[in-house]
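# Observations on the three-dimensional arrangement
Here is how the chains run, residue by residue.
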Amino acid sequence: MAATDLLVDLQDDLVSDDTSNALGQLKLSPLDEKTWPADSDGDLTKSDKECSPEIVDPPSDLKWDDPYYDIARCQIVEVAGDDNFGRKVIVFNACRMPPSHQLDHTKLLQYLKHTLDKYVESDYSVVYFHYGLTSQNKPSFAWLRLAYREFDRKYKKNIKALYIVHPTRFIKTLLVVFKPIISMKFGRKILYVNHLGELEQYLKCERMVIPLCVKRFDDSIQAAQKSMPAPVHLKPMPHQQFGISLLMLQEKDPDRTIPLVMEQSVTYLKKHGVAVDFGIYNDVHLAAVMLKTFLRELPTPLLTYNLYNQVVSFGKVAEHKQIDTIVEMIQSLPKNNYTVLNYLVEFLGMVADYSELNKMTPSNLALVFGPTLMWAKDTAISLNAINPINSFVQLLFENYTEIFPAK
């Protein structure tokens, strides 16, 4: 179909975990010899002196002549019981990393693998406390690249979540840099946790020996949030398309049932026409990016918060009742949401019809669009909600002619 080549942007979310070639092609040499800059979030590290590694007791289970004794005694890597899903939890404490010249990073990597080897045959989770990573103890970029290479499928297969606690612009930027070599399958396991209260929904924090400086920093974050003034809601720009509700878009243009940016993006993807002059950006995938971004930046999900619980628990509906239940759920949507969803699902269902050519099956499309059509309110989406949401969206694409009958 005409949109085949333009769907590459969607397909890049489905790359395999075999990253050897990609790692070799990632040009990091200009950074390999340099230390990382100080974290751009000044309120995180404050100063290297304040974030000096904690003095902790040596581990009682290792003798002084154990090859990993020097690493283990820092308690950078710890095993912290199970999470709420019964999975073993491995904790990595950045604040306990000594200055780089005092730490053998190669041995640290070996010790981390040595620890994980005991648990990787079963499902497990990793918690990374980012607070305390400073210009003094940050590992080199080359080491990070080596670490990702070392953690092959054996380690990635059963890891169910990587919680990054107290993320900063530095760590988020780092993940963007590594995006070309991180598969979507693994990328979806990475969850940002802004404070310890959010972490509680996944595991019991009291089961972990959380470094004191991390707790203090978390207290300061929550205190600052309580003292912040109420957010100022700015009036949308006259021609704004992103980040405003479907109802507001229609009020601005009553004769238009489908938002302009969405209609033009879909038209371009269908026909390779010049609905929008994407050519000036020299990026033929921009239409697909704009479509996903538009949906992701809606103030509320297209499927609405009201349907969240029904979608997450949809797997309990008997198979012979599923289509009728979906029709009932979809018809309960606000008129604008129903119209836009109909338009989108009809297009993506048509894309799936040509999956032999473009490789975008209903399942693959659901992996890409599920998180843009439904998300949780006021909280990070839980791991046990991701698969039900994607399964529900997949049924939408597979049965769109029954769910949205032709007028």
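No experiment lies behind these values; they were computed from the predicted model shown.

What follows concerns empty space enclosed by the protein. For the structure shown, the criterion picks out 1 cavity of 30 Å³ or more. Listed by contribution, the elements that provide at least two residues to the lining of the largest cavity are strand S2 (88–93), helix H6 (105–116), strand S3 (124–129), helix H7 (141–150), helix H8 (153–156), strand S4 (159–165) and helix H9 (169–177). Its residues placed into classes, the lining of the largest cavity shows 31 nonpolar, no polar and 2 charged.

Okay, the side chain of Asn137 next. Its place among the elements puts Asn137 in the loop between S3 and H7. Among the residues examined, Asn137 registers a relative accessible area of 2% and is labelled buried. Here the side chain of Asn137 touches Met97 through a polar contact of 3.1 Å, landing on its backbone oxygen. A polar contact of 2.7 Å, which involves the side chain of Asn137, links it to the backbone nitrogen of Thr134. The contact partners of Asn137, leaving out residues within four places of it in the chain, are Ala94, Met97, Pro98, Pro99, Ser100, His105 and Gly132.

This brings us to the sheet that holds S4. The sheet built from 5 strands is open, its strands ordered S1-S2-S3-S4-S5 with mixed pairing. Sheet topology places strand S1 (77–82) and strand S5 (190–193) at the edges, where each strand pairs with a single neighbour. When the angles between neighbouring strand axes are averaged without regard to direction, this sheet yields 25°. Relative to S4, S3 is paired through 6 bridges, and the arrangement is parallel. Each residue of the ladder has a partner; that of Phe129, found in S4, is Val165. Contacts from H6 reach S1, S2 and S3, with the element oriented near 20° to S1.

The biggest cluster of nonpolar side chains holds 55 residues, and the ones touching the most others in it are Met262, Leu295, Leu302 and Ile330. The greatest single-element share of this core, amounting to 9 residues, is contributed by helix H18 (residues 335–353). Of all hydrophobic cores here, the second largest spans 37 residues; its members include Ala94, Val126, Phe151 and Ile159.

Attention now moves to the pairing of S2. With respect to burial, S2 is a largely interior element, 5 of its 6 residues being buried. Here S1 pairs with S2 via 4 bridges, running antiparallel. Bridging across to S2, Val77 finds its partner in Phe92. Here S1 hands over to S2 after 5 residues, with Gly86 in that stretch at a positive phi of 80°. Here S2 pairs with S3 via 6 bridges, running parallel. When the bridges of S3 are listed, Phe92 appears paired with Tyr128.

This brings us to unusual backbone geometry. Although it is not a glycine, Gln75 adopts a positive phi angle of roughly 55°. Mapped onto the elements, Gln75 comes out in the loop between helix H5 (69–72) and S1. Note on Gln75: relative accessible area 17%, which makes it buried. With phi around 70°, Thr304 is a residue other than glycine that occupies positive phi space. Judged by its relative accessible area of 12%, Thr304 is buried.

Each aromatic ring pair is specified by the distance between its two centres and by the angle formed by the two planes. Counted under the stated rule, the structure contains 7 aromatic pairs. Seen from the ring of Tyr148, Lys156 lies directly overhead, with NZ or CZ sitting 3.8 Å from the centre. The residue whose ring lies beneath Lys172 is Tyr192, and the NZ or CZ to ring-centre distance is 5.1 Å.

Following the criterion strictly, the structure yields 5 salt bridges and no others. In this structure, Glu78 and Arg96 form a salt bridge, with 3.2 Å as the shortest nitrogen-oxygen distance. A residue pair is termed long-range when its members are at least 10 positions apart, and Glu78 in strand S1 and Arg96 in the loop between S2 and H6 qualify at 18 residues. Glu78 sits in the buried class, given a relative accessible area of 18%.

Attention now goes to the confidence of the model for the chain. Scored by pLDDT, the chain has a mean of 77; 75% of the residues are at 70 or more. Mean pLDDT across the secondary structure elements of the chain bottoms out at helix H3 (residues 29–32), with 36, and peaks at helix H17 (residues 322–331), with 94. Confidence drops under pLDDT 50 across residues 1–50; counting only partners more than four residues distant or on other chains, this segment forms 106 contacts. Every residue in residues 276–284 is under pLDDT 50, and counting partners more than four places away or in other chains gives 10 contacts.

Following the sequence through the fold, His166 ends up in the loop between S4 and H9. A distance of 2.9 Å separates a polar atom in the side chain of His166 from a polar atom in the side chain of Asp218.

For the pair helix H14 (residues 260–271) and H18, the least separation of the axes is 12 Å and the interaxial angle reads 15°. On the basis of their axis angle, the class for H14 and H18 is roughly parallel. Remark: the crossing between H14 and H18 carries left-handed chirality. For the pair formed by H14 and H18, the contact residues are Met262, Glu263, Val266, Thr267, Leu269 and Lys270 on the first element and Val340, Tyr343, Leu344, Phe347 and Met350 on the second. The class makeup of the residues in the contact of H14 with H18 is 8 nonpolar, 1 polar and 2 charged.

What counts as what
- Residues numbered from 1 in each chain as written.
- Predicted model: local features only at pLDDT ≥ 70, side-chain atom pairs only at ≥ 80, totals over all residues.
- Heavy atoms only, no water.
- 1 Å grid on protein atoms, 1.4 Å probe; cavity = no way out; pocket = protein on both sides within 12 Å on 5 of 7 lines; lining within 4 Å.
- Points joined across faces, edges and corners; volume = space filled by probe spheres on them.
- Helix = DSSP H or I, 4+ residues; strand = E, 2+ residues; numbered from the N terminus.
- Nonpolar A, V, L, I, M, F, W, Y, C, P; charged D, E, K, R; others polar.
- Buried < 20%, exposed > 50% of the residue type's maximum accessible area, 1.4 Å probe, protein only.
- Polar contact = N/O pair within 3.5 Å; in protein donor to acceptor, adjacent residues only side chain to side chain.
- Contact = heavy atoms within 4.5 Å.
- Pairing = 2+ DSSP bridges.
- Axes fitted to C-alpha atoms, helices over the stretch in contact; angles between N-to-C directions.
- Core = buried A, V, L, I, M, F, W, Y, C linked by side-chain atoms within 4.5 Å.
- Phe/Tyr/Trp six-rings, centres within 6.5 Å; stacked < 30°, edge-to-face > 60°.
- Lys NZ or Arg CZ within 6 Å of the ring centre and 35° of its normal.
- Salt bridge = Lys/Arg side-chain N within 4 Å of Asp/Glu carboxyl O.
- pLDDT = per-residue confidence, 0-100.
- Parallel < 35°, antiparallel > 145°, perpendicular 65-115°, else oblique.
- Left-handed = near helix turned anticlockwise from the far one by under 90°.

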